[in-house]
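Coordinates in review
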Amino acid sequence: MSEDIVTPDDEGFTPELIEHARKTFAGPISFLKSAPALEHLPAPIVPEVAFAGRSNVGKSSLLNALTGRNGLARTSNTPGRTQELNFFDVGLPLSFRLVDMPGYGFAKAPKDVVKKWRFLVNDFLRGRDTLKRALVLIDSRHGIKEVDCDILEMLDKAAVSYRLVLTKADKVKATELADVMESVAAEARKRPAAHPDILATSSEGGMGIPELRAAVLEAIG
């Protein structure tokens with residue numbers, strides 16, 4: 001397996017950072033607001049880390065696992081329901097924010113909805129100085145799809161640092177997961193704004209969640 005890959009068993013983060021991240025996410029976290037357009041964005045006063053992914057990648061479940069709160073991010077049986085930027089405050093006093101970006105790749109969405117999504121996300125990525133990193137979620141069962149490449153291109157062009165995170169890693173065999181991680185790491189190496197290390201996670205089993213928390217803290221510096 002490539003040295004670029006960080007699995008939960010690797011020494012990708014120090015024990016001190018892992019513990020600091022655990023304590024941080026055990027503290028106050030609350031929903032701030034939803035922004036359907038740029039004029040509704042909260043004031044850019046603290047660092048932000050955004051989560052992006054296909055509409056059925058398990059983003060809400062992962063955010064709930066990350067924060068240890070089952071109902072923080074809304075989950076839905078209808079992928080692509082949320083077409084707004086959702087902001088969550090972390091820490092008291094406020095330390096940083098998590099941003100749940102609207103899911104993409106929804107096949108049944110009208111063209112005007114897709115167009116609105118592209119404008120909102122693109123403008124947010126290009127104009128948000130407090131955005132320190134995006135975490136792009138990739139389904140372990142499928143790997144990177146063409147629709148994922150669209151958001152990667154947007155991030156590259158906006159010069160926003162991003163890290164690829166595999167979801168639902170418990171749904172595939174270990175050998176299949178290793179192959180997917182290799183292919184995703186190879187794609188990351190081709191892209192100028194991509195972080196070289198890949199994380200594998202499972203919101204159900206908790207795999208990779210401590211490392212994902214540490215990755216968030218690492219991103220905000």
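Quick summary incoming for the structure in this document. (Residues numbered from 1 in each chain as written. Predicted model: local features only at pLDDT ≥ 70, side-chain atom pairs only at ≥ 80, totals over all residues. Heavy atoms only, no water.)

This paragraph deals with the packing of aromatic side chains. Applying the stated criterion across every chain, the model contains four aromatic pairs. Each ring, one from Phe87 and one from Phe124, has its centre 6.2 Å from the other, and the planes form 80°; the classification is edge-to-face. Of the two residues, Phe87 is situated in strand S3 (residues 85–90) and Phe124 in helix H3 (residues 111–127); the sequence distance between them amounts to 37 residues. For the pair shown, Phe87 and Phe124 are each scored as buried. (Phe/Tyr/Trp six-rings, centres within 6.5 Å; stacked < 30°, edge-to-face > 60°. Helix = DSSP H or I, 4+ residues; strand = E, 2+ residues; numbered from the N terminus. Buried < 20%, exposed > 50% of the residue type's maximum accessible area, 1.4 Å probe, protein only.)

Among the nonpolar cores identified, the biggest contains 39 residues, and Leu85, Leu125, Val136, Ile151, Tyr162, Leu164 and Leu166 are the most heavily contacted of them. Mapped by element, the contributors of at least two residues to this core are strand S2 (48–53), S3, H3, strand S5 (131–139), helix H4 (146–158), strand S6 (162–167) and helix H5 (174–190). The greatest single-element share of this core, amounting to six residues, is contributed by H5. If we ignore the near neighbours within four places in the chain, the residues touching Leu85 are Lys33, Ser34, Ala35, Leu41, Val99, Asp100, Met101, Pro102, Leu120 and Phe124. Of all hydrophobic cores here, the second largest spans 29 residues; its members include Phe13, Leu63, Leu199 and Ala215. (Core = buried A, V, L, I, M, F, W, Y, C linked by side-chain atoms within 4.5 Å. Contact = heavy atoms within 4.5 Å.)

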